[in-house]
Number of protein chains: 2
Amino acid sequence: MTFSRYGSPKDVELAFYEAFQGADLDAMRAVWDDGDDIVCVHPMGPKLVGYEAVMKSWSDILGSGAQLSFRVDNIQIMADGGISVHCVHENITQGRHGELRGLVIATNVYRATDNGWRMVLHHGSPGAVETAQAQRQHVVH
Amino acid sequence: MTFSRYGSPKDVELAFYEAFQGADLDAMRAVWDDGDDIVCVHPMGPKLVGYEAVMKSWSDILGSGAQLSFRVDNIQIMADGGISVHCVHENITQGRHGELRGLVIATNVYRATDNGWRMVLHHGSPGAVETAQAQRQHVVH
């Protein structure tokens with residue numbers, strides 16, 4: 001199977017969420033840099049380091065049969081040279097009819113490589129507590 | 001009060017954890033870039049964007065009276081040009097005698113500015129589930 005060289009961090013980000021949504025492990029493997037230093041932290045999960053450990057986790061997740069759909073917004077970008085950092089909201093729906101909804105806050109890092117831009121870090125954490133916490137803060141202050 | 005210009009991302013990281021451990025809000029304010037695009041995600045918290053929102057959170061946290069001590073290890077660094085990304089383990093002890101212990105996984109991003117290197121993103125998530133999750137995975141596989 002042939003995959004594109006990603007010409008920009010934005011292209012890789014799009015490909016990452018397409019691979020995730022499509023549960024396409026081959027596409028996910030192509031999105032990531034194949035280095036020993038890549039990092040992935042799934043929500044509430046440990047820090048996984050290196051291509052082998054990270055791809056093992058994606059194999060488990062994408063093979064689980066979950067039908068996830070992503071809408072990504074609230075994006076901050078910090079970039080210079082061959083590094084681009086995007087902090088996003090992943091608005092996720094699950095199931096055929098989008099029964100379950102959740103928010104994940106993700107920091108995604110992309111790196112320019114000899115094979116175009118690749119993902120080198122994905123750090124996700126649960127964002128669904130935002131409303132509850134905001135409400136609590138309003139009560140306190 | 002006068003603070004140093006941080007000459008490297010490592011210098012800022014050290015100053016960040018010293019400010020956190022010392023509950024020193026002035027030092028914490030000096031560690032961060034003062035831009036509207038800075039991002040902070042405390043463990044299980046929402047995404048806070050911009051200097052005002054981020055500093056409000058640090059004022060709350062550092063004023064809480066928690067006595068935290070940090071040992072930072074397991075560091076991956078991805079850097080180019082004026083951006084440096086560090087993903088670390090924060091081994092935290094709390095209380096006078098270090099009674100409570102916890103692990104936070106943090107992605108820290110530093111940016112070169114006209115005033116030296118500054119922190120522009122801190123994304124923390126609970127890492128204490130690492131052992132439980134690893135054990136569960138061992139059972140499954």
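One structure accompanies this document, and this report is about it. (Residues numbered from 1 in each chain as written. Chains lettered and ligands numbered in written order. Predicted model: local features only at pLDDT ≥ 70, side-chain atom pairs only at ≥ 80, totals over all residues. Heavy atoms only, no water.)

**Observations concerning the relation of the copies chain A and chain B**
Applied cut-off: The copies are overlaid by a least-squares fit using only the C-alpha atoms of residues whose pLDDT is at least 70 in both copies. Throughout, a residue-residue contact means that at least one pair of heavy atoms, one from each residue, lies within 4.5 Å.
Of the transformation placing chain A onto chain B, the axial shift is 0.0 Å and the rotation is 180°, giving an RMSD of 0.0 Å. In short, the pair behaves as if placed about a two-fold rotation axis. For chain A, the minimum C-alpha distance to the rotation axis belongs to A:Gly81 and amounts to 2.5 Å. Interface residue correspondence from chain A to chain B reaches 100%, placing this contact among same-surface, isologous pairings.

**Overview of the sheet that holds strand β4 (residues 83–94) of chain B**
All names here are of chain B. Counted only if it meets this: Paired strands, as defined in this entry, are two strands with at least two bridges between them according to DSSP. In this description a helix means any DSSP run of H or I spanning at least four residues, a strand means any run of E spanning at least two, and both kinds are numbered starting from the N terminus. Lines fitted to C-alpha atoms define the axes, with helix axes restricted to the stretch in contact, and inter-axis angles between N-to-C directions lie between 0 and 180 degrees.
Across the sheet, which stays open at both edges, the six strands sit in the order β2-β1-β6-β5-β4-β3 with mixed pairing between neighbours. Strands at the two margins of the open sheet, each flanked by one partner only, are β2 (47–49) and β3 (68–80). This sheet shows a mean twist of 25° between the axes of neighbouring strands, independent of strand direction. Pairing of strand β1 (residues 39–41) with strand β6 (residues 116–126) involves three bridges; the strand directions are parallel. Across the sheet, residue Val41 finds its bridge partner in β6, namely His123. Lying on the sheet, helix α1 (residues 9–21) is in contact with β3, β4, β5 (100–113) and β6; it crosses β4 at an angle near 25°. Set on the sheet, helix α3 (residues 51–62) makes contact with β1, β2 and β6; between it and β2 the angle comes to about 120°.

**A closer look at the interface of chain A and chain B**
Put simply, the rule is: Take the accessible area each of two parts loses on contact, using a 1.4 Å probe, and add the two losses: that sum is the buried area. The working definition used for a salt bridge is a side-chain nitrogen of Lys or Arg within 4 Å of a carboxyl oxygen of Asp or Glu. N or O atoms closer than or at 3.5 Å make up a polar contact, with two conditions inside protein: a donor-capable atom paired with an acceptor-capable one, and, for residues adjacent in sequence, both atoms drawn from side chains. Classes in brief: Ala, Val, Leu, Ile, Met, Phe, Trp, Tyr, Cys and Pro nonpolar; Asp, Glu, Lys and Arg charged; the others, Gly included, polar.
Listed by partner, the interface residues are 38 residues for chain A and 39 residues for chain B. When the two sides are added together, the surface that chain A and chain B hide from each other amounts to roughly 3000 Å², 65% of it contributed by carbon and sulfur. Three residues, A:Met44, A:Lys47 and A:Met78, lead the burial of chain A against chain B; their summed loss comes to 23% of the area buried on that side. One can count zero salt bridges joining chain A with chain B. Seen at the junction of chain A and chain B, the total is 12 residue pairs in polar contact (both at pLDDT 80 or more). Elements supplying a minimum of two residues to the side of chain A that touches chain B: β1 (39–41), β2 (47–49), α3 (51–62), β3 (68–80), β4 (83–94), β5 (100–113), β6 (116–126) and α4 (130–140) of chain A. Residue contributions to the side of chain A that touches chain B peak at six residues, all from β3(A). Broken down by class, the residue content of the side of chain A that touches chain B amounts to 20 nonpolar, 11 polar and seven charged.

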